[in-house]
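Single-letter residue listing:
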Amino acid sequence: VQLQASGGGLVQAGGSLRLSCTASGSIFKFNIMGWHRQAPGKQREWVARITIGGNTNYPDSVKGGFTISRDNAKNTIYLQMNSLKPEDTAVYYCNAIDLGDNSAEWGQGTQVTVSS
């Protein structure tokens, strides 16, 4: 299964973007799907995850501003990002984890740039 991320772009501070990550096959096999980001010169960090049951988690740095969701029928997860800040500027990656065979897939990344 391949993951294709999209929806990035340039937005002013305070604006919103919605990222999408579509799988080439069914996402039912993935126990956990999520979003990570990597800013220039920084390590990749986790920003949201959702389980197959729909439970969601966020780090404190984005809690209240980011919302992850999944549409199993469309094999897609989303990341709604509101009240964006310049420090949210990064390449955003989606990933999917299958705990059954201990495997993980990553999408190619989509650039998000927030101007001040």
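Heads up: the structure comes first, above all this text.
Quantities reported herein were computed from a predicted structural model and do not represent experimental measurements.

Enquirer: Could you clarify how one ought to interpret the pattern of salt bridges in this entry?
Expert: Two side chains that carry opposite charge are able to pair once their charged atoms sit near each other. Within the structure shown, the criterion is met by four salt bridges. Of the charged contacts, one joins Arg37 and Glu45 as a salt bridge, the two residues approaching to 2.6 Å between their closest N and O atoms. Assessed through its relative accessible area of 6%, Arg37 is described here as buried. What makes Glu45 partly exposed here is its relative accessible area of 33%. Each of Arg37, Glu45 and Asp88 takes part in one network of salt bridges that share partners.

Enquirer: Can you help me understand the state of the cysteines in this one?
Expert: Here, the word disulfide means a covalent bond between the sulfur atoms of two cysteines. Summed over all chains, the structure comprises one disulfide. Across the disulfide from Cys21 sits Cys94; the S-S distance is 2.1 Å. A torsion of 65° about the S-S bond marks the disulfide between Cys21 and Cys94 as right-handed. With a gap of 73 residues between them, Cys21 in strand β3 (residues 17-23) and Cys94 in strand β9 (residues 90-98) connect regions that are remote in the sequence. With relative accessibility at 0%, the residue Cys21 sits in the buried group. For Cys94, a relative accessible area of 0% puts it in the buried group.

Enquirer: Would you mind going over unusual backbone geometry with me for this structure?
Expert: Excluding glycine, most residues fall at negative phi; most peptide bonds, likewise, are trans. Phi is positive for Asn75, close to 55°, though the residue is something other than glycine. Along the chain, the position of Asn75 falls in the loop between β7 (66-71) and β8 (76-81). At Asn102, a residue that is not glycine, the phi angle is positive and equals roughly 55°. By the element assignment, Asn102 lies in the loop between β9 and β10 (103-106).

Enquirer: Honestly, the environment of Asn55 in this entry has me stumped. Any pointers?
Expert: With respect to the helices, strands and loops of the structure, Asn55 is situated in the loop between β5 (45-51) and β6 (56-57). Residue classification places Asn55 among the exposed residues on the basis of a relative accessible area of 52%. Considered as a pair, Asn55 and Ile68 are 13 residues apart in the sequence and their alpha carbons are 9.7 Å apart. Not counting residues within four places of it along the chain, the set of residues in contact with Asn55 comprises Arg49 and Ile50.

Enquirer: Explanation requested: the environment of Val11 in the structure shown.
Expert: Relative to the helices and strands, Val11 is located in strand β2 (residues 9-12). C-alpha separation for the pair Val11 and Gly107, spaced 96 residues apart in sequence, amounts to 22 Å. Contact partners of Val11, with chain neighbours within four places excluded, come to Ser16, Leu17, Leu84, Thr113, Val114 and Ser115.

Each value, and the rule that gives it
Residues numbered from 1 in each chain as written. Predicted model: local features only at pLDDT ≥ 70, side-chain atom pairs only at ≥ 80, totals over all residues. Heavy atoms only, no water. Salt bridge = Lys/Arg side-chain N within 4 Å of Asp/Glu carboxyl O. Buried < 20%, exposed > 50% of the residue type's maximum accessible area, 1.4 Å probe, protein only. Disulfide = S-S within 2.5 Å. Helix = DSSP H or I, 4+ residues; strand = E, 2+ residues; numbered from the N terminus. Contact = heavy atoms within 4.5 Å.

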